[in-house]
Amino acid sequence: MAKIITLKDAVTLVKDGMTIMVGGFLSAGGPKDIMDAIAESGVRDLTLICNDTTFPDKTHGKLIANRQVKKVICSYIGANPLSIEQMNAGELEIEFSPQGTLAERIRAKGAGLGGVLTPTGIGTVVQEGKQVMEIDGKEYILEKPLSADLAIIGASVADKKGNLFYRGTTRNFNSVMATAADVVIVEAEKLVETGDIQPEHVHTPGIFVDYIYTR
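This one's a predicted model, so the numbers in the text were calculated from it and none came from an experiment.

What follows concerns the environment of Ser175. Counting through the fold element by element, Ser175 comes out in helix α6 (residues 174-177). Classification of Ser175 by relative accessible area gives buried; the value is 18%. Distance from Ser175 to Ala155, taken between C-alpha atoms, is 8.9 Å for residues 20 residues apart in sequence. Those residues in contact with Ser175 that lie beyond four places of it in its chain are Tyr166 and Thr204.

Attention shifts here to the environment of Ser156. Within the secondary structure, Ser156 sits in strand β8 (residues 148-159). Given a relative accessible area of 4%, Ser156 falls into the buried group. Spatially, the C-alpha atom of Ser156 lies 9.9 Å from that of Val186, the residues being 30 residues apart in sequence. Setting aside anything within four residues of it in sequence, one finds Ser156 in contact with Phe165, Tyr166, Arg167, Thr170, Glu189 and Lys190. At 2.7 Å, the side chain of Ser156 and the backbone nitrogen of Arg167 are in polar contact.

As a further point, take the pairing of strand β3 (residues 69-74). Burial of β3 is extensive: five of the six residues sit out of reach of the surface. Here four bridges tie strand β2 (residues 46-49) to β3, and the two strands are oriented parallel to one another. Along β3, the bridge assignment pairs Thr47 with Lys71. Two strands pair when backbone bridges link them, and β3 and strand β4 (residues 93-96) are joined in this way by four bridges, in the parallel orientation. Residue pairing for β4: Cys74 is matched across the bridge by Phe96. Where the polypeptide runs from β3 across helix α4 (residues 81-88) and back to β4, its parallel neighbour, the crossover connection is right-handed.

Within this structure, the stated rule accounts for twelve salt bridges. Glu91 serves as the salt-bridge partner of Arg67, at 2.5 Å between the closest nitrogen and oxygen. Taken together, the residues span a long stretch of sequence, with Arg67 in the loop between α3 (61-65) and β3 and Glu91 in the loop between α4 and β4 at a distance of 24 residues. In the salt-bridge network here, residues are joined through shared partners; they are Lys71, Glu93, Glu95, Arg105, Lys130 and Glu143.

So, on to helix α5 (residues 99-111). Between its first and last C-alpha, α5 extends 18 Å over 13 residues, near the 18 Å set by a 1.5 Å rise per residue. Among all positions in α5, only Thr101, Leu102, Arg105, Ile106 and Ala108 are buried. The buried residues of α5 all sit within an arc of 150° when viewed along its axis, so they share a single face. Gly112 occupies a position one or two residues after α5 and carries a positive phi of about 75°.

Turning our attention to the sheet that holds strand β5 (residues 116-118). The antiparallel open sheet is built from three strands, whose spatial order is β5-β7-β6. Two strands bound the open sheet, and with one partner strand each, they are β5 and β6 (132-135). Going across the sheet, the axis of each strand differs from the next one's by a mean of 40°, ignoring polarity. Across three bridges, β5 lies against strand β7 (residues 138-143) in antiparallel orientation. Within the sheet, the bridge partner assigned to Val116 lies in β7 and is Glu143. Contacts from α5 reach β5 and β7, with the element oriented near 160° to β5.

Scoring rules and cut-offs
- Residues numbered from 1 in each chain as written.
- Predicted model: local features only at pLDDT ≥ 70, side-chain atom pairs only at ≥ 80, totals over all residues.
- Heavy atoms only, no water.
- Helix = DSSP H or I, 4+ residues; strand = E, 2+ residues; numbered from the N terminus.
- Buried < 20%, exposed > 50% of the residue type's maximum accessible area, 1.4 Å probe, protein only.
- Contact = heavy atoms within 4.5 Å.
- Polar contact = N/O pair within 3.5 Å; in protein donor to acceptor, adjacent residues only side chain to side chain.
- Pairing = 2+ DSSP bridges.
- Right-handed = clockwise from strand over helix to strand, strands pointing away.
- Salt bridge = Lys/Arg side-chain N within 4 Å of Asp/Glu carboxyl O.
- Expected span 1.5 Å × (residues − 1).
- Arc of directions from axis to C-beta.
- Axes fitted to C-alpha atoms, helices over the stretch in contact; angles between N-to-C directions.

Here it is, written out as structure tokens:
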């Protein structure tokens, strides 16, 4: 199956009310063009799973600025004052998850696990409403897996089969998100022929990738 699609095609896959994982760390390594196009599409009532809400004028921060998002599951919103304003006004639901816990919850879905046990958050608001288990005399929070209808991620290089390479720290959340969604769309900076990425440099195997958009 041909995986290469246009920007317009990528945006048509995003529907009102979807849960979407968005790769990147602030605005580094994320799917910039696709997020810009979604911001212009008018789609609404989205739930985002992401490390942060980036900036008001960058990537998925634009969706928050446009009030296209109803809930965000993330570890940080401090760089986007609009996220803070909407949260304080009760217009945007924020579920905070410590950064490592967030990554592990996504990984748990991709690995088929029922959840992860972590001591992070014990005795804080993170613990509220969650099951706490005692193991060998120590308390752990059971954090449940995170899944999404779509994962929209960025990659430095993709081949035509969807094998992905991430340059430097741009791997961040992209590789783990590729395993945890029903449909995965990658925005690649560069597209190469299948086989041009050396096997040891493949960070995400093509089996996880459904669609490729290249700038």
